[in-house]
Amino acid sequence: MNRTTLVATFIVVTLIGAPAVSFAETRGGSSVDNSSGSRIGHMLVGTTNSSAQTTDADTPPAETTTTTTTPTTPEASNSGGILLILLLLGAAALFYFLKIQRPSLPDFSGIIGRDPSIDNLSKRRSPTARQNIAVDSVTSADKAAFQQLLIDVQRAWSKQDLTELRQFVTPEMLNYFSAALADNTSQDIQNHVEDVMLLRAEILEVWTEEATQYVTAGLRWSARDYNLSLTKQRGEPGYVVEGNDKTPTESGEAWTFKQSPDGKWLLSGIQQ
């Protein structure tokens, strides 16, 4: 018998047993009252007969008022106490079994969110293979190249031209752009970033790795950034899915550039 069945049986026994005890005691009290009433009636009859023999016939008999009082027996008070104890025991047993059957919650303390990029530690670059360089080493010509790359990449992206993008990005970034363009096409949209104007640029980090120089720059620019529907014609409702094709908005990202052996800079990473 499992715990749930045991608890249910205990409750049923308590609920049935308590009224049974009360009913039995009520019957016992009723029999005592009836017998007492019979004896009182016999005594009253005897008294009336005796009075009839000793009282003058002309004298009217006196009216007798009889009040029957049900006695309170010790058994009745004890039954109330037993019933209360049974109910309390049933409630305590139910609480106990429900408590021990309640499943314990796992302890999540100490579990925190992790950056997926640091989960695979074996693939992270060794610190010894990386050497930081002062940000002042970035020349004005380098900064101009970064600005031009921002414009060229956004233009090729808006045209969905992977061949043109190949000239400005690393192979890894080309795969990234190819997957992003395919995702937009599956949603029947095309993203446009036009009239790009660089507002601010800040060199965040410069380092070399395996004789290759990298620069991460925080870029802030304004442009008309919007999504068009591939299933609607210009002028139709819903043609511009998102953004504004007339009003420029500001955007900002951190772009990482990699210098190829011939000195040309390529986009190698983007952080939103």
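As a reminder, the structure under discussion sits directly above these lines.
What counts and how
- Residues numbered from 1 in each chain as written.
- Predicted model: local features only at pLDDT ≥ 70, side-chain atom pairs only at ≥ 80, totals over all residues.
- Heavy atoms only, no water.
- Helix = DSSP H or I, 4+ residues; strand = E, 2+ residues; numbered from the N terminus.
- Buried < 20%, exposed > 50% of the residue type's maximum accessible area, 1.4 Å probe, protein only.
- Contact = heavy atoms within 4.5 Å.
- Phe/Tyr/Trp six-rings, centres within 6.5 Å; stacked < 30°, edge-to-face > 60°.
- Lys NZ or Arg CZ within 6 Å of the ring centre and 35° of its normal.
- Salt bridge = Lys/Arg side-chain N within 4 Å of Asp/Glu carboxyl O.
- Core = buried A, V, L, I, M, F, W, Y, C linked by side-chain atoms within 4.5 Å.
- Pairing = 2+ DSSP bridges.
- Expected span 1.5 Å × (residues − 1).

Caption draft 1: Structural context of the overall build of the chain. Tallying secondary structure elements over the chain gives five helices and six strands in all. Secondary structure elements of the chain, listed N to C terminal, follow the sequence α-α-β-α-α-α-β-β-β-β-β. Within the span of the chain, comprising 272 residues, buried residues form 24% of the whole. For the chain, restricting intrachain contacts to residue pairs at least 6 apart in sequence, the fraction spanning at least 24 positions comes to 63%.

Caption draft 2: Structural context of unusual backbone geometry. With a phi close to 55°, Q160 is a non-glycine residue in the positive phi region. Along the polypeptide, Q160 turns up in the loop between α3 (140-159) and α4 (162-165). Positive phi, close to 55°, is recorded for E210, a residue that is not glycine. The residue E210 is located in the loop between β2 (189-209) and β3 (212-229) in this model.

Caption draft 3: Geometry of the packing of aromatic side chains. Enumeration over the complete set of coordinates arrives at seven aromatic pairs. Centre to centre, the rings of W157 and F177 are 5.8 Å apart; their planes meet at 55°, and the pair counts as tilted. Remark: F177 occurs in helix α5 (residues 171-186) and W157 occurs in helix α3; sequence separation between them is 20 residues. With respect to class, W157 is no different from F177; both count as buried. Here the aromatic rings of W255 and F257 are separated by 6.3 Å at their centres, their planes lie at 45°, and the arrangement is tilted. Given a relative accessible area of 1%, W255 falls into the buried group. Within the aromatic cluster, the residues linked to one another by ring pairs are F146, W221, W255, F257 and W265. Just above the ring of W207 sits the side chain of R130; from NZ or CZ to the centre is 4.0 Å.

Caption draft 4: Molecular detail of the environment of I203. Mapped onto the elements of the fold, I203 is located in strand β2. Residue class for I203 comes out buried when judged on its relative accessible area of 18%. Distance in space between the C-alpha atoms of I203 and V135 is 6.4 Å, their sequence separation being 68 residues.

Caption draft 5: Seen up close, the pattern of salt bridges. Tallied over the full model, the rule gives eight salt bridges. Here E250 makes a salt bridge to R220, at a shortest N to O gap of 3.4 Å. Separated by 30 residues along the polypeptide, E250 in strand β5 (residues 249-259) and R220 in strand β3 bring together distant segments of the chain. On the accessibility criterion, E250 (47% relative accessible area) is partly exposed. On the basis of relative accessibility, which here comes to 29%, the residue R220 falls in the partly exposed class. Connected through salt bridges with shared partners, the residues D152, R155, K159 and E164 form a single ionic network.

Caption draft 6: Inspection of the nonpolar core at higher detail. V153, V169, F177, W255, F257 and L267 are the most contacted members of the largest nonpolar core, which has 28 residues in total. At the level of secondary structure, the elements contributing two or more residues to this core comprise α3, α5, β2, β3, β5 and β6 (265-271). Ranked by residue count, the leading element in this core is α3, at six residues. Once you skip the residues sitting within four places of it in the chain, V169 turns out to touch V153, L174, F177, L266 and L267.

Caption draft 7: Region of the structure containing the pairing of β3. β3 sits mainly inside the fold: 15 of its 18 residues count as buried. Between β2 and β3, which pair antiparallel in sequence order, lie two residues; one of them, E210, sits at a positive phi of approximately 55°. Both β3 and β5 contribute to a ladder of ten bridges, which runs antiparallel. Bridge pairing in β5 links A223 to T249.

Caption draft 8: The pairing of β6, seen in detail. In this structure, β5 lies alongside β6, joined through six bridges in antiparallel fashion. Looking at β6, one finds that W255 is bridged to I270. Counting the residues in the hairpin turn of β5 and β6 gives five residues, including G263, whose phi is positive at 90°.

Caption draft 9: Highlighting α3. The first and last C-alpha atoms of α3 sit 29 Å apart over 20 residues, in line with the 28 Å expected at 1.5 Å per residue. Inspection of α3 places D142, F146, L149, L150, D152, V153, Q154, A156, W157 and S158 among the buried residues, and these make up the whole buried set. Looking at the buried positions of α3, the neighbouring elements they touch are α4, α5, β2, β3, β5 and β6.

Caption draft 10: Focus on the side chain of T170. Residue placement: T170 occurs in the loop between α4 and α5. Aside from chain neighbours lying at most four places away, what touches T170 is K258, L266, L267 and S268.

From the geometry alone we can't say anything about function, so treat these as descriptive.
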